[in-house]
Every structure is written in structure tokens, then in C-alpha cells.
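What follows is each chain in one-letter form.
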Amino acid sequence: LYPIPEFDLKTFNECIPERKAIFDHQNKEIAAALDLLSEYWETCQQTKTDENRALAFARAAAAIKCLPFKATNSQQLKGIKGLGNGHALRVATQILESGYCPEVEEKRNDKKFLSLQIFCKVYGVGPSIAEKWYAQGLRTVEDVKKLDQQDIANNDMIAHGVAFYDDLNRPLLRAEAENTYKYITDLAKLILPSVVTSMNGGFLRGKSSGHDLDVLFSYPEREDGDYGLIAAVLDELNKKGLVVWSRATHTDGPRKVIEINSSPLSSGSTKEHLPTMMIIFKYPLDDRFDEFERRDFSGERNLGPFQLANSNRQWRAVRVDLVGSTNAQYPYAQIGWTGSKQYNRSLRQYAKDSLNYSLSSMGLHDNGQNRWIAAQTEQDVFHHLKLTYREPWERNF
Ligand code: DGT
Ligand code: MG
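These numbers come from a predicted model, not from an experiment. (Residues numbered from 1 in each chain as written. Chains lettered and ligands numbered in written order. Predicted model: local features only at pLDDT ≥ 70, side-chain atom pairs only at ≥ 80, totals over all residues.)

**Q** Hey, could you run me through the overall build of the protein chain in this one?
**A** Per the secondary structure count, the protein chain includes 20 helices and ten strands. Relative to a compact globule of 397 residues, whose C-alpha radius of gyration would be 21 Å, the protein chain shows 22 Å and is just as compact. A principal-axis box enclosing the C-alpha atoms of the protein chain has dimensions of 65 × 55 × 35 Å. In the protein chain, buried positions account for 37% of the 397 residues. Restricting to contacts in the protein chain with at least 6 residues of sequence separation, those with at least 24 account for 71%. (Helix = DSSP H or I, 4+ residues; strand = E, 2+ residues; numbered from the N terminus. Rg over C-alpha atoms; globule rule 2.2 N^0.38 Å. Buried ≥ 20, exposed ≤ 12 C-beta atoms within 10 Å, placed from the backbone. Contact = placed C-beta atoms within 7 Å.)

In C-alpha cells form, the structure reads like this:
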């Protein structure tokens, strides 16, 4: 039944983060159908049940992405943990047997979903604002642009998201990301020569384009002081006039100052609070920073987002996240910011269920023994989790 003799369903089901998923997996049509249903329920969520549906379809899609063979027979899809034996399996079976699933096509073309999808592509907008705009009668991004409404005026993140909608929804190519990464990290090294940096997110997982650039910084603890280095990098970029918009945030958590000299692994909380600078950055249209950074951008400083977006500019707006971590947090931060999101979910769920550990981008906490577990490298983290190491490009769940 299974075309690959060494495929053993029992082993495959034993431990989900032991699975591997590369981008070029063999069951793309099925995964795309399940991903669409997940996106549908995430975008159109009204209730907790809808949110759970979105998660269940994301889990099912991840299971399909991990299959080490091309499914040719629906019998091969039975009993797979994550895919289950209900709704997602029915969808997968239909795609496999006829290449077509009416439910997926109906949802893909659902008018409301199409509008909400557009709204959610506005930087700063999630399902609840999208729903509100829809209820107000808006349907397209042009409708949103026309409205000089409160929602936009009061929220500078969304105002920039609307004004730079086209720029920010154009895929960022790997070469552009690498170019920006080099420019920003060279600046950081001038400020702190010992800084260690990495380009994380989808690019590290092997994607050829993405929606943003994720840059992770690691420095000795005393250099941290919360935003320390990444604030200094942002300052430099601002001085050169290269920043359109920025916001300091702690990802996934309340703003909380990490005390200088406190142990990064002793904060007592596994809540994410790595200091993060979310930036909309000016990327030179000719890909060359050397001349670009010497230009005088002072004339652009006092323009509002719409004026700026419509001005005669020599750059394109791109999204960059600068994330700070101490050396002790770094291996955990690397895993957290490499993703994929679904891979991280499965890793954290497994750590909790199987080991009673709490895993986050800040560290690993053994809840039974109430202690933090130190790691030097990502390999150490996998070892602590009793898992086989997986390369970033195998984490495309
Ligand atoms: P894309 O869309 O091409 O940029 O794809 P990714 O995978 O780079 O997605 P992105 O940039 O949203 O996130 C990269 C990884 O970083 C993601 O797998 C999880 C992590 N990450 C992103 N945003 C947050 C956040 O707000 N909190 C935490 N804890 N992790 C985040
Ligand atoms: Mg990214």
C-alpha cells in the first residue's frame, strides 16, 4: 500500500516534531487545499470554534507536508496523526481522487473571504479589524484608502499599512533580503563588534521570497539592557533617514523591561518578551545602498504616510524585524524565529505534553524541577528535547 517500504505509520505518528517537511514536498495540492481552509477559518473567525478549526486544518496540512512519499491512494491517508479521520481527511481524499474539492472552491471564491483576505494583508490588520471594515461596507483596499476614517488616522501602523499596501505586498526576494541584512548587520557590527547575527524566518528555511526580513541579534547580557543594541541600530538607520516607520515591541507579550544583569534564563516566565523593533524600511530601487545612504532624505521627514507613499521616491518600503536576544537566549530565539509557525507550535506542544517543559524563544523551562535549561546551540536544544536535530529547511510544516 505504501510505495516507500521504509515508511512506517507507527513511527510517523509517534512524535510529530520528529517529522521533516521540506518546501518541495510531494503532496502540494492536498496541502494547499488544507492551508486554504485554515486561512479561511483564521480570517473569518467569529468564535473560538472557528479558531480551533483554523488550527486543526493547519495541523492537517502540516502532516501532509511531512509525508515522505507522494500519496496515490486514499488508503495511504488513513490513521495519520494530525490529519485525523474526519473533515480534513475527507477533503484530502477528494483532492486525491478527483483533484477537486467543492468546499475548498466555494470558500476560495467566497466574496466575504476575498475582502477579508485583502484587509488582512494590510500591515497591522487582523481578523477583527477586517470584520469591522467589512461590516462598514468596505470591500477593497481602494475603499479603505478612500476612507479618511478614525481607524486609520488613529493607528499609524495601519495608516502605513494602507499607504504602502502595494509595496508591502510585493514579495521580498532573497537577494533583496540578503542585501538589506548585510547593510543592517554591518551597521550593528560598528556599534558592537562582538554581536552575532542571523537572518531567520522563511529565508533560513529555504524560501526564495518572503513577506519580511527577520534579523536576530545576540549579544552578551550586559550589552542587552532591553532594547540596547537594536535601539542603537534603529537610531543609526533613523539618522540616515532610512526608516519610514518603526515600533518597539515585545513579541507575544506585555512590554516588560528585562533588567540588565538579571539572568536571562531566570525571569520565571516563558512568555515571549524578546525586544523587537518592527520597521518599515526604505530599500533602494537600484539595490545599491552605498549611494543611497548618502542621499538627503530630510525633505521626506515631515510627510504623512500617504503623501510619502505617493511622492517621487527612489525606494520601496520593505518590512524588517530586528529581534534582540542575549547569548543565553540565542539558541532558543533562533528556533523561535526560524519557524515555521506550525513547526514551533508542534515543538512547544510536544515539549509540554511529553516532557512537562515550557519552550519559548527565550528558553526552556523544566516545570517539574522548576529550573531553566541552558543551551549553547540549536543542537543542544534538540538534545534537551530528546529529539533528532532538524535543519531549518526541514521545518517547513
Ligand atoms: P514570511 O511570510 O515569508 O516572512 O514567512 P516567515 O516564516 O518568515 O514568517 P514571519 O516573518 O511571520 O515569522 C518568522 C518566524 O518568527 C515565525 O515562524 C515565528 C516567529 N515569529 C514571527 N513573529 C513572531 C511573534 O510575534 N512572536 C513570536 N514568538 N514569534 C514570532
Ligand atoms: Mg519572515
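Having seen the structure, we can now continue with the description.
**Q** Teacher, can you tell me more about the domain arrangement of the protein chain here?
**A** By a widely used convention, the size of an interface equals the accessible area lost when the partners come together. Assigned domains within the protein chain: domain 1 (9-107), domain 2 (116-163) and domain 3 (164-397). Contact with domain 2, which involves eleven residues of that partner, is made by twelve residues of domain 3. Looking at the side of domain 2 that touches domain 3 residue by residue, the class counts come to seven nonpolar, two polar and two charged. (Domains from an automatic or database assignment. Nonpolar A, V, L, I, M, F, W, Y, C, P; charged D, E, K, R; others polar.)

**Q** Would you mind going over the nonpolar core with me for this structure?
**A** Nonpolar side chains in soluble globular proteins tend to be buried together. Ranked by internal contacts, the top residues of the largest apolar core, which has 93 residues, are Leu-34, Phe-57 and Ile-64. With ten residues, the single largest contributor to this core is helix 3 (residues 48-66). Those residues in contact with Ile-64 that sit more than four places away from it in its chain are Asn-27, Ile-30, Ala-31, Leu-34, Leu-83 and Ala-92. (Core = buried A, V, L, I, M, F, W, Y, C linked by C-beta atoms within 7 Å.)

**Q** Just to check I follow, could you spell out the environment of Gly-201 for this structure?
**A** Counting through the fold element by element, Gly-201 comes out in helix 13 (residues 201-204). When the 23 C-beta atoms within 10 Å are taken as the criterion, Gly-201 is described as buried. Taking the C-alpha atoms as reference points, Gly-201 and Arg-19, 182 residues apart in sequence, are found 19 Å from one another. Dropping the residues within four chain positions of it, Gly-201 is found in contact with Gly-210, Asp-212, Asp-214, Trp-337, Thr-338 and Gly-339.

**Q** Teacher, can you tell me more about the sheet that holds strand 9 (residues 364-366) here?
**A** In any sheet, the strands associate via hydrogen bonds between backbone groups, in a parallel or an antiparallel arrangement. Strand order in the open sheet made by the three strands is 8-9-10, with antiparallel pairing throughout. The sheet is open, and its two edges are formed by strand 8 (357-359) and strand 10 (371-373), each paired on a single side. Pairs of neighbouring strands in the sheet enclose a mean axial angle of 25 degrees, with direction left out of account. Of the strand pairs in this sheet, strand 8 and strand 9 are connected by three bridges, and their pairing is antiparallel. Following the sheet pairing, Ser-358 is matched in strand 9 by His-365. (Pairing = 2+ DSSP bridges. Axes fitted to C-alpha atoms, helices over the stretch in contact; angles between N-to-C directions.)

**Q** I'm lost on the packing of helix 2 (residues 28-43) against helix 3 in this one. Help?
**A** Two quantities define a packed helix pair, namely the angle between the helix axes and the distance between the axes. It is the contact of helix 2 with helix 3, at a shortest axis distance of 8 Å, that shows an interaxial angle of 165 degrees. By the angle between their axes, helix 2 is roughly antiparallel relative to helix 3. At the point where helix 2 passes helix 3, the crossing takes the left-handed sense. Note on element contacts: helix 3 touches helix 2 through Asp-50, Arg-53, Ala-54, Phe-57, Ala-58, Ala-60, Ala-61, Ile-64 and Lys-65, opposite Ile-30, Ala-31, Leu-34, Asp-35, Leu-37, Ser-38, Trp-41 and Glu-42. Looking at the contact of helix 2 with helix 3 residue by residue, the class counts come to eleven nonpolar, one polar and five charged. (Parallel < 35°, antiparallel > 145°, perpendicular 65-115°, else oblique. Left-handed = near helix turned anticlockwise from the far one by under 90°.)

**Q** Looking at this model, I keep getting lost on unusual backbone geometry. Mind explaining?
**A** The bulk of non-glycine residues show a negative phi, and the bulk of peptide bonds are trans. Along the chain, Gly-339 connects to Ser-340 via a cis peptide bond; the corresponding omega equals -5 degrees. Inspection of the secondary structure assignment puts Ser-340 in the loop between helix 18 (330-338) and helix 19 (341-355). Although it is not a glycine, Asn-356 adopts a positive phi angle of roughly 55 degrees. Its 12 C-beta neighbours within 10 Å are what place Asn-356 among the exposed residues. A positive phi is found at Asn-370, a non-glycine position, where the angle reads about 50 degrees. Mapping Asn-370 onto the fold places it in the loop between strand 9 and strand 10.

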